[in-house]
Amino acid sequence: MGNFILRRVLYMIPLLWIVSVLAFLLIWIQPGDFVSSFKLNPNFSKAFIAQLEKFYGLDQPVYVQYALWLKGIVCCTDVIDEKDPSNPVAWKVWSVDGTFPFVHYNPYLGYSFEQRLPASQALFGINGEALAFTLIITVTTLFFSWLIAIPIGIYSATHKYSFADHFFNFFSFLGLSLPNFVLAMLFLMLMVSVLQVGARFGLGVGKLLDNEFLTACWSFGKAAAQCGPWWDLFHYNWPKVVNFLWHLWPPVLIVGTANIASLVRYMRGNLLDVLGEPYVQTARAKGLTERIVVYKHAVRNAINPLISLLGFWIPLTFEGILVVAYVLDLHVVEANFWRAISNEDQPVILAGLLFFGVILLLGNLFSDILLVMVDPKIRYE
Amino acid sequence: MFKGKFTAILLAVLVAGLGFNVLAADCGKIADQKDLNPLVIKNADMPSPDDAKNATCGGIMSNTLIARPRTLNPITLTDVPSLNLVDRMYDALLGGTADQPTATGLAEAFEVAKVGNNGQKVTFTIRKGVKFANGDPVTADDVLFTVVNLIFPKDIATSIRDGYACGDGKLPTVTKEAANKISFTCNVTLRVFVATMDPGFVLNKKKVLELVPNVERTPKDFNTALGLTTPPDKLKGIGSGPYVLTKIDPASVVEFARNTFFWEADEKGQQLPYLAGIRILIAPTQGNEISLAQFRNGQTDWLAPRPEDIAVLQSDKAGKSFQVNDDIDSGRPGGGTTQFWVFSWTTKTPALRAVFRSKEFRQAMSQITDRETMRKNLLLGLGIQQFSHVPVPSQFYVERDPKAQGAVPQDAALRDQWEKTGKYLYNPQAAAALLDKIGLTVGSDGIRIIPANFQGQGNPAGKLEFTLNTNVGNTIREEEIKLIASEAKKIGVNIKAEPKDFAALVDQLLVGDYEAIRIGLAGGNDPESGLNVYTCEGNLHFYNVDCPKSPTQFEKDLDALYAKGVATLDRNEAGKIWDQVQILVGQNQPLVHTVLSNALFAYRTDVLKNHGRAPYGNHDVVYCANGKCRGG
């Protein structure tokens, strides 16, 4: 298994390289770059713009620009302080550093002049919070939707045309047909107008934290008013964590509802197909219990197509989160990516494309590993 | 209560639409500030005198900002969201209004002396013992440095400089008279001379030099200084306003804490501000929706609602969910505010550039702006149609009632000229005829064609289709641009309505890199507030950023009239000139004005006290009942 995973990871490297080339070319063929806006601004001299172009390699051929960008991701880059642009002083920023107890990987993905931040900070949040929120919401949503949808799908298939089957079918179609933004708006209305969670329980809606926790530390440091490292579980600000959990479930529920609806339909259909196969008849004829027939023989085959689709579900979940983030004002990567697109903030779009490419590849890797574990017919070499 | 920073908002800025657990606490006694001559605000001068008697300290006041701020730089800012942040951190020399300035700011007195035949000199005496938020004294050196090193250099992009010009167009002479005295001298004076000479924001020289060491040699460095990523601890003490910035996440929240060195007190001798802090939530995408939900849910203390939100809030009140004021919609159309859509005369597409430079085209666009439908359907009747670039509450507004008591008299001929030539009412048929007349004929696909060399401008041919942006999250503006696009389609103009992030919109606007934008301006009521927008060299002359290099005849004429207007001391004579200015602007429609909403304001009556109709403007005296606001 170790060899299999290692080989798949190695396969990912050329794929990632292709993704990075395609993403870079996509951005490059667009007219203009971040210096274009400086060219139009009378407050910046031509000499300064030329200096910027030279510094960021924009006066170089496209392959050199790409090489510089790639160097920032895998190794290091020279950056300048925007505060003193007339006298740019370069220093090297390493993409990897080994501060105890972790090795940090902090790729330099370019600079967002629109937000006056490194592109990685513009995309992942200044402290990487947006990235953490995105990953938490995505993973929780996937678990939530699969843990609910698969048993329902199995139950619906094994109790075809029963009341429960019709009931689940109805809600599946409802979940499929209701767009996420409508669900998010309905959620806001329900919480604020009907349940009045603010007036009755002092609970907030929107964002991923209540007001008083937005800038509070995740963990407390040794000195007063100093934050501790995020991994220091012994000094965690647990009220903030609890508050985050309160804000976590709405996006999970809203995005998960649409996922559940699709997954239930997939699972039910696949299982019904498999249950009609001759080998299932044979298993029954051999006198196996229905539980063994369904769960050991039928489900293991019926679930395979879903697992192979897992890599596809991850970007789909990202898309769902984007819509919900828009309505509920969530500080997540998807919202930052959307903002970069609408503002034509090219370095951030590029960083986003690469990030989503990496996630897609990781999703596929994960689904392949799961498939090997679940399907006895598939074996790693 | 007459404190305010009128100079800072004398000039226009762009409008987006516009774990604490603090209990009641002692604000501190102003007497503890040794050697300070505080500004004592009597109860009678407070926004709500009855509330003022029971003022308590503490609490964090919260509200939502529906657009992302762009900077923390008080000198170079051009947008209201940024002003909302920095305005709390800095103070001006004076208070009062442009016409009646008062020594209720950092200056405890000012004197005006005549210089020569037409000149004036104003000398400000800085309040004794007044300090920046880190305890550094505010001195004449700081004012001199702010004005001479941060405002006057041409390399620094600031609108404040546009308002500083004397009647002869030259910058005033600034002289340090003593450690606490500074004077400004103009050889040709202005109608609002004293107010104009107030820089609006006074910055701590020492702190600025720590942050931008080379600013005296290379002023341009200051343009990109004090960005949103500047750590708050580095900014502490840069200003002397009622609050200091403590935390900022530009995508999410900004927090301020009270300035313990602040120099105002109430009549009981309690140091102001009463609030322990202010928290501003930032919601740049679905701003209107989420800010309403958060206000209704008790997460914020006040809200600038849309007209359509009023019924929801009243229903909440009827359902006893919370207590909200009854007079949400009693505000008049926002003072100092104008709303419009504008074309870039320097846009990248040559054919569009040629069309946007045509005044007949812009007149036609004014005629497809269905202001009455906007007023009725989008503002639900709570607003007025707008035609002039001078704000409606201004004494010089061209459609004023000259017979009203104390009004500026008006020449009937000028009023008649305005009605006949300066005002373009909704009339799509006339708009279509006008476009036909200037040669923008409808093509086979129903879209008008821009002929080559349109009006002798040497452009290639093209189609009359362009993008109209506005700031995302402002749902009224989003609906307005859809309405404009729909009206335009009827006469063969293809407009793509597209909302965008406010900060990005402002970036594009400032460099002329856009096609059309629906946005607004906030500033003073008087026509002088438009100097930075309507004069050619103005920092916000966004419809033609090439003006300094190649001004059009209209822009030259307007510059001449503005120069005459600001230097005309006689109010009645000034009235005539400002009428002419409004007629000229109306005829040329550089900005196509739309509708102006009434000032709507909702707050929790059980929580927020002593704010009048502007908790933002009165942030030094507003307080939370029992020292506890909704926000913490």
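1. Structural notes on the overall build of chain A
(1) Moving on: Of regular secondary structure, chain A possesses 16 helices and 6 strands.
(2) Moving on: Residues classed as buried in chain A amount to 47% of the 381 residues present.
(3) Moving on: Sequence-distant contacts in chain A: of pairs separated by 6 or more residues, those separated by 24 or more amount to 66%.

2. Considering the packing of helix H6 (residues 129–158) of chain A against helix H14 (residues 310–328) of chain A
Residue and element names in this part refer to chain A.
(1) Moving on: Where H6 contacts H14, the axes come no closer than 10 Å and their chain directions differ by 120°. When the axes of H6 and H14 are compared, the pair comes out oblique. Considering only the axes of H6 and H14, their crossing is right-handed. Residues Thr 134, Ile 137, Thr 138, Thr 141, Leu 142 and Trp 146 of H6 form the contact with H14, whose participating residues are Leu 310, Trp 313, Ile 314, Thr 317, Phe 318 and Ile 321.
(2) Moving on: Partitioning the contact of H6 with H14 into residue classes produces 8 nonpolar, 4 polar and no charged.

3. Brief notes about the state of the cysteines
Residue and element names in this part refer to chain B.
(1) Moving on: Going through the model one piece at a time under the given rule, you end up with 5 disulfides over all chains.
(2) Moving on: Each disulfide pairs two cysteine sulfurs, and for Cys 166 the partner residue is Cys 186, the sulfurs being separated by 1.9 Å. In this structure, the disulfide formed by Cys 166 and Cys 186 twists by about -70° around the S-S bond and is classed as left-handed. Separated by 20 residues along the polypeptide, Cys 166 in the loop between helix H5 (159–162) and strand S8 (173–178) and Cys 186 in strand S9 (residues 181–186) bring together distant segments of the chain. Across the pair, Cys 186 and Cys 166 agree in class, each one buried.
(3) Moving on: The residue that forms a disulfide with Cys 624 is Cys 629, at a sulfur-sulfur distance of 1.8 Å. Taking the sign of the S-S torsion, about -90° here, the bridge from Cys 624 to Cys 629 comes out left-handed.

4. Some remarks on the packing of aromatic side chains
The relation between two aromatic rings is expressed through the spacing of the ring centres and the mutual angle of the planes.
(1) Moving on: On inspection of all chains with the given rule, the structure shows 40 aromatic pairs over all chains.
(2) Moving on: Residues Phe 124 of chain B and Phe 184 of chain B carry aromatic rings whose centres are separated by 5.7 Å and whose planes lie at 75° to one another, so their mutual orientation is edge-to-face. With a gap of 60 residues between them, Phe 124 of chain B in strand S7 (residues 119–126) and Phe 184 of chain B in strand S9 connect regions that are remote in the sequence.
(3) Moving on: Taking relative accessible area as the criterion, Phe 184 of chain B reaches 0% and is therefore assigned buried.
(4) Moving on: Joined through ring pairs, the aromatic side chains of Tyr 155, Phe 163, Phe 167, Phe 168, Phe 170 and Phe 171 of chain A make up one cluster.

5. A look at empty space enclosed by the protein
Picture a little ball the size of a water molecule; that probe, rolled over the atoms, points out where space is still empty.
(1) Moving on: Within this model, the largest cavity holds a volume of roughly 210 Å³.
(2) Moving on: Around the largest cavity, the lining is made up of 19 residues, and of these Asp 329, Leu 330 and His 331 of chain A together with Ala 251 and Ser 252 of chain B lie nearest the centre.
(3) Moving on: Secondary-structure elements contributing two or more residues to the lining of the largest cavity are H6, H14 and helix H15 (333–342) of chain A.
(4) Moving on: Per-element accounting of the lining of the largest cavity gives the leading share, 3 residues, to H15 of chain A.
(5) Moving on: The residue makeup of the lining of the largest cavity, split by class, is 10 nonpolar, 4 polar and 5 charged.

6. Considering the interface of chain B and chain A
(1) Moving on: With 45 residues of chain B at the interface, the matching set in chain A holds 46 residues.
(2) Moving on: Counting each side, the surface lost to burial between chain B and chain A is near 4,000 Å², with a carbon and sulfur contribution of 52%.
(3) Moving on: When residues of chain B are sorted by the area they lose upon contact with chain A, Thr 224, Asn 297 and Val 511 of chain B head the list and together hold 14% of the total.
(4) Moving on: Along the contact surface separating chain B from chain A lie 11 residue pairs in polar contact (both at pLDDT 80 or more).
(5) Moving on: When residues of the side of chain B that touches chain A are traced back to their parent elements, those giving at least two are strand S10 (243–249), strand S11 (253–258), strand S13 (277–282), helix H9 (287–296) and helix H17 (502–511) of chain B.
(6) Moving on: The dominant element in the side of chain B that touches chain A, judged by the number of residues it contributes, is H9 of chain B, at 5 residues.

7. Points about the sheet that holds S9 of chain B
Sheets are built from strands paired through backbone hydrogen bonds, the pairs being either parallel or antiparallel.
Residues and elements named next belong to chain B.
(1) Moving on: Read from one edge of the open sheet, 4 strands run S6-S7-S9-S8, paired in antiparallel fashion. One side of each edge strand has no neighbouring strand; the edge strands of this open sheet are strand S6 (107–115) and S8. Going from strand to strand, the sheet's axes swing by 20° on average, the running direction of each strand aside.
(2) Moving on: The pairing of S6 with S7 spans 8 bridges and is classified as antiparallel. By the bridge assignment for S7, Ala 113 is matched with Lys 121.

8. Quick word on the pairing of strand S15 (residues 337–343) of chain B
All names here are of chain B.
(1) Moving on: In terms of burial, S15 is a largely internal element, 7 of the 7 residues being buried.
(2) Moving on: Because side chains alternate across S15, one face comprises the buried residues Thr 337, Gln 339, Trp 341 and Phe 343, and the other comprises Thr 338, Phe 340 and Val 342, equally buried.
(3) Moving on: Here S15 pairs with strand S21 (residues 516–522) via 7 bridges, running antiparallel. Bridge pairing in S21 links Trp 341 to Arg 518.

9. A look at the domain arrangement of chain A
Residues and elements named next belong to chain A.
(1) Moving on: According to the domain assignment, chain A consists of domain 1 (2–118) and domain 2 (129–374).
(2) Moving on: Taken together, the contact between domain 1 and domain 2 spans 30 residues of the former and 21 residues of the latter.
(3) Moving on: For the domain 1 face of the interface with domain 2, the top three residues by lost area are Arg 8, Met 12 and Ile 27, together amounting to 24%.
(4) Moving on: The partner of Arg 8 in a salt bridge is Asp 368, with the nearest N and O atoms 2.0 Å apart.
(5) Moving on: Remark: the boundary between domain 1 and domain 2 carries 1 residue pair in polar contact (both at pLDDT 80 or more).
(6) Moving on: No other element matches the 13 residues that helix H1 (residues 2–28) contributes to the side of domain 1 that touches domain 2.
(7) Moving on: Residue composition of the side of domain 1 that touches domain 2, grouped by class: 21 nonpolar, 6 polar and 3 charged.

10. Points about the pairing of S8 of chain B
All names here are of chain B.
(1) Moving on: Where S8 and S9 come together, 5 bridges link them in antiparallel fashion. Across the sheet, Thr 175 pairs through a bridge with Ser 183, a residue of S9.
(2) Moving on: In sequence, S8 turns back onto S9 through a hairpin of 2 residues.

11. Regarding the environment of Glu 487 of chain B
Residue and element names in this part refer to chain B.
(1) Moving on: Tracing the backbone through its elements, the reader meets Glu 487 in helix H16 (residues 475–490).
(2) Moving on: Separated by 114 residues in the primary sequence, Glu 487 and Phe 601 have C-alpha atoms spaced 31 Å apart.
(3) Moving on: If we ignore the near neighbours within four places in the chain, the residues touching Glu 487 are Ile 368, Asp 370, Tyr 426 and Pro 428.

12. Some words on the environment of Ile 577 of chain B
(1) Moving on: Considering the arrangement of structural elements, one finds Ile 577 of chain B in helix H20 (residues 571–588).
(2) Moving on: Taking the C-alpha atoms as reference points, Ile 577 of chain B and Leu 561 of chain B, 16 residues apart in sequence, are found 6.9 Å from one another.

13. Digging into the confidence of the model for chain B
Detailed reading of the predicted coordinates is not advisable wherever pLDDT is low.
Residue and element names in this part refer to chain B.
(1) Moving on: Mean pLDDT for chain B: 90, with 95% of residues reaching 70 or above.
(2) Moving on: In the predicted structure, residues 1–9 sits below a pLDDT of 50 and forms 44 contacts with residues beyond four places in sequence or in another chain.
(3) Moving on: Across residues 17–24, where pLDDT falls below 50, the model places 25 contacts with residues more than four positions away in sequence or in other chains.

14. Details of the nonpolar core
A general feature of soluble globular proteins is that nonpolar side chains tend to end up buried together.
(1) Moving on: Ranked by internal contacts, the top residues of the largest apolar core, which has 154 residues, are Phe 222 and Phe 466 of chain B.
(2) Moving on: Apart from residues lying up to four places away in sequence, Phe 222 of chain B is in contact with Asn 73, Ile 75, Thr 76, Leu 150, Ile 156, Leu 203, Val 208, Val 212 and Val 215 of chain B.

15. Details of the packing of H9 of chain B against helix H10 (residues 307–318) of chain B
Residues and elements named next belong to chain B.
(1) Moving on: Where H9 meets H10, the axes come as close as 11 Å, and the angle between the chain directions of the two elements is 15°. Between H9 and H10, the crossing angle belongs to the class labelled roughly parallel. The handedness of the crossing between H9 and H10 is right-handed. Of the residues in H10, those in contact with Leu 292, Phe 295 and Arg 296 of H9 are Asp 309, Val 312, Leu 313 and Asp 316.

Rules used throughout
Residues numbered from 1 in each chain as written. Chains lettered and ligands numbered in written order. Predicted model: local features only at pLDDT ≥ 70, side-chain atom pairs only at ≥ 80, totals over all residues. Heavy atoms only, no water. Helix = DSSP H or I, 4+ residues; strand = E, 2+ residues; numbered from the N terminus. Buried < 20%, exposed > 50% of the residue type's maximum accessible area, 1.4 Å probe, protein only. Contact = heavy atoms within 4.5 Å. Axes fitted to C-alpha atoms, helices over the stretch in contact; angles between N-to-C directions. Parallel < 35°, antiparallel > 145°, perpendicular 65-115°, else oblique. Left-handed = near helix turned anticlockwise from the far one by under 90°. Nonpolar A, V, L, I, M, F, W, Y, C, P; charged D, E, K, R; others polar. Disulfide = S-S within 2.5 Å. Phe/Tyr/Trp six-rings, centres within 6.5 Å; stacked < 30°, edge-to-face > 60°. 1 Å grid on protein atoms, 1.4 Å probe; cavity = no way out; pocket = protein on both sides within 12 Å on 5 of 7 lines; lining within 4 Å. Points joined across faces, edges and corners; volume = space filled by probe spheres on them. Buried area = accessible area lost by both parts, 1.4 Å probe. Polar contact = N/O pair within 3.5 Å; in protein donor to acceptor, adjacent residues only side chain to side chain. Pairing = 2+ DSSP bridges. Domains from an automatic or database assignment. Salt bridge = Lys/Arg side-chain N within 4 Å of Asp/Glu carboxyl O. pLDDT = per-residue confidence, 0-100. Core = buried A, V, L, I, M, F, W, Y, C linked by side-chain atoms within 4.5 Å.

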